[in-house]
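Residue strings, one per chain:
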Amino acid sequence: MTSRYLPVPDALEGERIDLALTRMLGLSRTAAATLIGEGHVRINGIPCQKSDKLSLSDIIEVETPEIETAPAPIVGMDILYDDEDVVVVNKPVGVAAHTGPGWDGPTVLGSLEAGGYRISTSGPPERQGIVHRLDVGTSGAMAVAKSELAYTKLKYAFKHRQVGKTYHAVVSAHPDPARGTIDAPIGRHPSKEWRMSVLASGRRAITHYRTLELLPGAALVEVELETGRTHQIRVHFAHLAMPCVGDVFYGADSDQAQRLGLQRQWLHATELRFQHPRTGIPTTVKAPYSQDLETALEILRECR
């Protein structure tokens, strides 16, 4: 048996211990009751009853059987980080975070489930465990909560801008200045469906960038997001007349995209930085470029 020590998430204050275990560990209610009945669950070191209610100051100790096998690897979606609370994947292009209206293609959640991963049950049914998202056409590091503790804390951290998010993009001009901040509100385009735009009536959006490499008619830039609006990076650089290379949806040159073999925007979430929800340890996860982005970058470099 392995002992696990679980602080009580805010969302479970006042909840019965058996119900809390179903949400925190993904157990059935019967399995949770069995663990409690056999004395494998303690609250603050004291064996509990299944009807005992939790307070935020409680520490739950749960003894569970050793897990013999790790989840199966997922074809096409690398696991960058994995523990009992969080899994971070290198999301491929063409994969959505979760199902939704108009999308019946592959999803991060579906791929994790197929690989045997247990995900937090918090959140709407189609978005359980999702604490942030990447566009279907954007690849890179994406975190998913496996425990209820992780869901509660990471959701809060993303909402309150406590998570560092770094992207790399290739934009279709040389930024001037080479380092700067784009502070321009973003809202839904008034006439073009599914498109966002810089609008005076939009929500404030702040993007920090610095140029990493100058390329022929383009530049590799590092981007830090202070806010998280839909299509923020794509919209902001398109607004400056330098859309992400390959992003024909926002005005990039389609002939250039074809020459580079790109069927989407050159945009990749390279790094996530967060405080681990259980240990509090600063955690950094990096995601290497996908092959299509590597190939396009090399073609641009060879043109110098």
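Predicted, not measured: the structure shown is a model, and the values here were computed from it.

Peer 1: How should I be thinking about the pairing of strand β6 (residues 86-91) in this particular structure?
Peer 2: As a general feature of sheets, a regular strand has side chains that alternate between the two faces. Across the six residues that make up β6, a large majority, six, are buried. Of the pairings in the sheet, the one linking strand β5 (residues 78-82) to β6 comprises four bridges and is antiparallel in character. Within the sheet, the bridge partner assigned to Y81 lies in β6 and is V88. Between β5 and the antiparallel strand that follows it, β6, lie three residues.

Peer 1: Is there a simple way to think about helix α2 (residues 29-37) in this case?
Peer 2: It helps to recall that an α-helix has 3.6 residues per turn; residues three or four apart then point in one direction. Along α2, the positions that sit buried rather than exposed are A32, L35 and I36. Seen end-on, α2 carries its buried residues on one side only, within an arc spanning 100°. Turned more than 90 degrees away from the buried face of α2 sit T30 and G37, all of them exposed. Just downstream of α2 lies G39, where phi reads positive at about 80°.

Peer 1: I'm lost on the nonpolar core in this one. Help?
Peer 2: Buried together is how nonpolar side chains tend to be arranged in soluble globular proteins. Core analysis: the biggest nonpolar cluster contains 31 residues, and L112, V144 and F237 have the highest contact counts within it. Top element by residues in this core is strand β13 (residues 218-225). It accounts for four residues. Listed in part, the 17 residues of the second largest apolar core include I36, V41, I43 and C48.

Peer 1: Is there a simple way to think about the packing of helix α1 (residues 17-25) against α2 in this case?
Peer 2: Between two packed helices, both the angle of their axes relative to each other and the distance between the axes serve to describe the pair. Running from N to C, α1 and α2 cross one another at 120°; their axes reach a closest spacing of 9 Å. One way to sum up the angle between α1 and α2 is to call them oblique. The interaxial crossing formed by α1 with α2 has right-handed handedness. Note on element contacts: α2 touches α1 through R29, A32 and I36, opposite I17, D18, L19, L21 and T22. For the contact of α1 with α2, the per-class residue count stands at five nonpolar, one polar and two charged.

Peer 1: I tried to follow the sheet that holds strand β3 (residues 46-47) on my own but got confused; where do I start?
Peer 2: In a beta sheet, neighbouring strands pair by backbone hydrogen bonds and run either parallel or antiparallel. Sheet architecture is open: four strands sit in the order β1-β4-β2-β3, paired in antiparallel fashion. The sheet is open, and its two borders are formed by β1 (2-7) and β3, each paired with just one other strand. Judged from the six bridges that link them, β1 and strand β4 (residues 59-64) form a sheet pairing that is antiparallel. Paired with R4 across the bridge in β4 is V62. Along the sheet, α1 contacts β1, β2 (41-43) and β4; its crossing angle with β4, the most-contacted strand, is approximately 70°.

Peer 1: Teacher, can you tell me more about the side chain of E271 here?
Peer 2: The residue E271 is located in strand β14 (residues 267-275) in this model. In this structure the side chain of E271 is engaged in a polar contact, spanning 2.8 Å, whose partner is the side chain of R273. Those residues in contact with E271 that lie beyond four places of it in its chain are G164, K165, T166, T284, V285 and K286.

Peer 1: Before we go on, may I ask you to explain the environment of E84 in this structure?
Peer 2: Topologically, E84 is positioned in the loop between β5 and β6. Between the C-alpha atoms of E84 and H276, which are 192 residues apart in sequence, the distance is 11 Å.

Peer 1: In this structure, what is going on with the packing of aromatic side chains? I would like to understand it.
Peer 2: Within the structure shown, the criterion is met by three aromatic pairs. With 5.8 Å between their ring centres and 70° between their planes, Y209 and F237 make a pair best called edge-to-face. With a gap of 28 residues between them, Y209 in strand β12 (residues 206-215) and F237 in helix α5 (residues 232-239) connect regions that are remote in the sequence. We note that Y209, like F237, is buried. Between W266 and Y289, the ring centres sit 5.0 Å apart and the planes meet at 80°, which makes this aromatic pair edge-to-face. On the criterion of sequence distance, the pair formed by W266 in the loop between α6 (254-260) and β14 and Y289 in the loop between β15 (282-286) and α7 (291-302) is long-range, its members being 23 residues apart. The class for Y289 is partly exposed, based on a relative accessible area of 21%. For R195, the ring lying beneath its charged end belongs to F249, and the centroid distance is 4.2 Å.

Analysis parameters
Residues numbered from 1 in each chain as written. Predicted model: local features only at pLDDT ≥ 70, side-chain atom pairs only at ≥ 80, totals over all residues. Heavy atoms only, no water. Buried < 20%, exposed > 50% of the residue type's maximum accessible area, 1.4 Å probe, protein only. Helix = DSSP H or I, 4+ residues; strand = E, 2+ residues; numbered from the N terminus. Pairing = 2+ DSSP bridges. Arc of directions from axis to C-beta. Core = buried A, V, L, I, M, F, W, Y, C linked by side-chain atoms within 4.5 Å. Axes fitted to C-alpha atoms, helices over the stretch in contact; angles between N-to-C directions. Parallel < 35°, antiparallel > 145°, perpendicular 65-115°, else oblique. Left-handed = near helix turned anticlockwise from the far one by under 90°. Contact = heavy atoms within 4.5 Å. Nonpolar A, V, L, I, M, F, W, Y, C, P; charged D, E, K, R; others polar. Polar contact = N/O pair within 3.5 Å; in protein donor to acceptor, adjacent residues only side chain to side chain. Phe/Tyr/Trp six-rings, centres within 6.5 Å; stacked < 30°, edge-to-face > 60°. Lys NZ or Arg CZ within 6 Å of the ring centre and 35° of its normal.

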